[in-house]
Amino acid sequence: MMNFNENDIRTEAGFDEHFHDECGVVGVYAPGKEDIARSVYFGLHALQHRGQESAGIAANKAGKIQYYKEMGLVQEVFNDEIIERLQGDIAIGHVRYSTAGESHAVNAMPLVVYSKGGSIALAHNGNLVNANILRDELQDSGFFFQTTIDSEVIAALIARHIRENSLEDSIIKTLKIVKGAYALVITSGEKLIGVRDPNGIRPLCIGKTSDGFILSSESCIFSLLGARLIRDVEPGEMVVIEGGELKSVKYDKTAKKAGCAFEFVYFSRPDSDIDGRNVYLARKECGKTLAKECPVEADMVISVPDSGTVAAIGYAEASGIPYGDGLIKNRYVGRTFIQPDQRMRELSVRLKLSVLSENVKGKRIVMIDDSVVRGTTSGKIVKLLKDAGAKEVHLRVASPPVTDPCFFGIDTPDKKKLIAADHSVEEICKMTGADSLGYLSVQGLLDAVRLGDNNVCVACFNGEYPMELPELGRKFE
Ligand code: AMP
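Here the structure is a predicted model, which is why all the values come from computation and not from measurement. (Residues numbered from 1 in each chain as written. Predicted model: local features only at pLDDT ≥ 70, side-chain atom pairs only at ≥ 80, totals over all residues. Heavy atoms only, no water.)

Peer 1: Could you clarify how one ought to interpret the sheet that holds strand β13 (residues 237-242) in this entry?
Peer 2: In a beta sheet, neighbouring strands are held together by backbone hydrogen bonds and run either parallel or antiparallel to one another. Strand order in this open sheet of six strands is β6-β7-β8-β9-β13-β14, and the pairing throughout is antiparallel. With partners counted over all chains shown, the strands left at the sheet margins are β6 (111-115) and β14 (245-250), one partner each. Between one strand axis and the next, the sheet turns by 20° as a mean value, whatever way the strands run. Where strand β9 (residues 191-196) and β13 come together, four bridges link them in antiparallel fashion. Residue pairing in the sheet places G194 in a bridge with V239 of β13. The strands that helix α5 (residues 151-161) touches are β6, β7 (118-125) and β8 (183-188); relative to β7, the one it contacts most, it runs at about 150°. (Pairing = 2+ DSSP bridges. Helix = DSSP H or I, 4+ residues; strand = E, 2+ residues; numbered from the N terminus. Axes fitted to C-alpha atoms, helices over the stretch in contact; angles between N-to-C directions. Contact = heavy atoms within 4.5 Å.)

Structure follows, in structure tokens:
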């Protein structure tokens with residue numbers, strides 16, 4: 001086992017009380033194939049939108065795990081030398097974006113633990129809702145934690161159970177204890193394992209290559225890696241890939257699907273399919289429905305690039321109002337949320353977007369954004385457009401008002417910071433300075449997602465969480 005970060009100075013963990021991450025995970029199974037870490041590297045590149053804070057790869061050669069993880073974008077973290085040293089038949093990778101407090105390399109993934117059953121590497125997307133409780137219990141029983149992330153609770157429980165059980169049984173025993181959202185890729189021994197929580201909140205899908213399998217948060221990586229999507233991991237399912245075969249274990253037969261609607265609204269790439277629904281088509285339908293639900297007379301539909309663009313095309317198509325460019329995005333500035341601090345978030349709107357004055361001057365504009373969370377972004381853009389001479393700016397949001405926080409891995413913050421939690425649509429309209437404001441309905445979103453109304457988590461839009469939240473009072477202490 002080798003950790004290439006031997007010379008790093010690590011800050012002590014314990015500063016980030018809260019567990020919340022937006023992440024992407026990849027696992028590649030290709031025994032005998034050279035350069036497996038490079039495949040994971042390319043996969044992580046294609047999942048970079050899911051997390052820009054840290055990146056890591058763990059490669060497993062006959063049970064011996066080498067890993068490298070660091071703060072930064074995938075291309076900043078890895079170079080040829082590192083990738084070439086990560087040899088193995090199986091490799092997993094992770095990109096992470098934590099949303100509160102400071103972020104440190106110590107919390108980067110994959111996590112590697114050394115159990116009685118051998119080394120285990122684990123990468124997790126999602127949030128547990130009982131991690132603090134479990135962590136307290138484990139600490140009381142003498143367990144030391146190296147990180148402040150909930151994923152280590154999963155790793156610790158697996159390692160603890162493995163004394164008396166096989167790896168698969170240890171994972172299943174752990175999954176009976178942890179609650180929340182998790183898409184996991186795990187490697188140990190000669191296995192690559194994928195797990196999706198009983199509600200299937202976060203996505204995880206399976207790709208097939210000529211010489212093996214790929215597990216990924218999103219299917220958009222498959223064409224790049226010469227794989228084809230075979231299916232999604234089912235809610236409450238564990239898939240075990242070993243000896244060139246994929247075996248399915250339904251570890252929770254009461255599994256009740258509640259896939260995250262926000263993956264379709266904002267988070268996933270449009271060229272991904274989640275649970276059989278293409279993200280681009282869902283987003284476009286959101287825009288079309290929005291045009292029917294919230295029509296307005298205008299000269300041009302523009303989008304807040306890039307996340308509002310597909311819905312804006314749908315809005316333009318359904319309304320008959322021509323689509324045009326109004327905002328130019330600097331592609332080299334990260335997502336607005338990349339800086340968790342409010343001052344930076346405000347500045348980064350200006351760093352990221354500028355107005356095409358010639359195209360908006362004197363026009364009545366419909367501006368489509370995929371979502372309004374805190375309300376910071378839209379108000380600033382409305383002002384940019386008006387300052388550039390737009391006659392009217394009508395804000396249309398291709399998702400419902402975000403009224404409640406997410407406890408399952410999307411950065412929708414404390415209720416107090418959500419503009420729609422305690423403001424009416426009219427009030428928000430006034431606050432943003434828009435001439436009118438319209439949101440997509442919850443039903444409109446469910447219809448666009450097309451996974452069945454009861455199979456989708458829309459808790460951030462209606463407060464109806466798919467499970468109990470034992471740490472509700474603790475999240476924003
Ligand atoms: P806000 O200023 O908080 O209203 O930000 C809304 C903007 O942030 C929208 O344009 C979205 O594209 C983007 N956004 C929404 N949700 C998230 C999220 N969970 N993480 C990062 N960006 C987001």
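After presenting the structure, the write-up continues.
Peer 1: Even after reading the chapter, I still don't get the nonpolar core, so can you show me in this structure?
Peer 2: Among soluble globular proteins, nonpolar side chains are generally buried collectively. With 47 residues, the main nonpolar core has F262, I368, F408, L445 and F461 as its most contacted residues. For this core, the domains that each give at least three residues are domain 1 (20-255) and domain 2 (281-453). (Core = buried A, V, L, I, M, F, W, Y, C linked by side-chain atoms within 4.5 Å. Buried < 20%, exposed > 50% of the residue type's maximum accessible area, 1.4 Å probe, protein only. Domains from an automatic or database assignment.)

Peer 1: When you look at helix α14 (residues 442-449) in this model, what are you seeing that I'm missing?
Peer 2: Those residues of α14 that fall on the buried side of the exposure criterion are G444, L445, L446, A448 and V449. Against the buried residues of α14 lie α7 (261-267), β17 (277-278), α8 (279-293), β24 (456-457) and α15 (459-462).

Peer 1: What should I look at first to understand unusual backbone geometry in this one?
Peer 2: Phi is mostly negative for residues that are not glycine, and the peptide bonds are mostly trans. Cis geometry marks the peptide bond from M109 to P110, where omega comes out at 0°. Position of P110 among the secondary structure elements: in the loop between β5 (90-98) and β6. Backbone torsion omega between P305 and D306 reads -5°, so that peptide bond is classified as cis. One can find D306 in the loop between β18 (300-303) and α9 (309-319). Despite not being glycine, D35 shows a phi value in the positive range, around 70°. Note on placement: D35 falls in the loop between β2 (21-29) and α1 (36-46). Of the residues examined, D35 reaches a relative accessible area of 31% and is grouped as partly exposed. In this structure, R450 is a non-glycine residue whose phi angle is positive, near 55°. With respect to the helices, strands and loops of the structure, R450 is situated in the loop between α14 and β24.

Peer 1: Would you mind going over the state of the cysteines with me for this structure?
Peer 2: What is meant by a disulfide is a covalent connection between two cysteines, made through their sulfur atoms. With the rule as written, the count across this model stands at zero disulfides. With no disulfide of its own, C205 lies closest to C220 among cysteine sulfurs, the gap being 8.4 Å. Of all cysteine sulfurs, the one in C294 lies closest to C286, which takes part in no disulfide; the gap is 12 Å. A relative accessible area of 3% means that C286 is categorised as buried. (Disulfide = S-S within 2.5 Å.)

Peer 1: For this particular structure, what's the right way to read the pattern of salt bridges?
Peer 2: Any two side chains of opposite charge can pair, on the condition that their charged atoms come close. Tallying each qualifying case throughout the model produces 28 salt bridges. The partner of D89 in a salt bridge is K61, with the nearest N and O atoms 3.7 Å apart. Within this pair, whereas D89 is found in the loop between α3 (80-85) and β5, its partner K61 is found in strand β3 (residues 54-61), the two being separated by 28 residues in sequence. The network of salt bridges with common partners includes D35, R38, D80 and E84. (Salt bridge = Lys/Arg side-chain N within 4 Å of Asp/Glu carboxyl O.)

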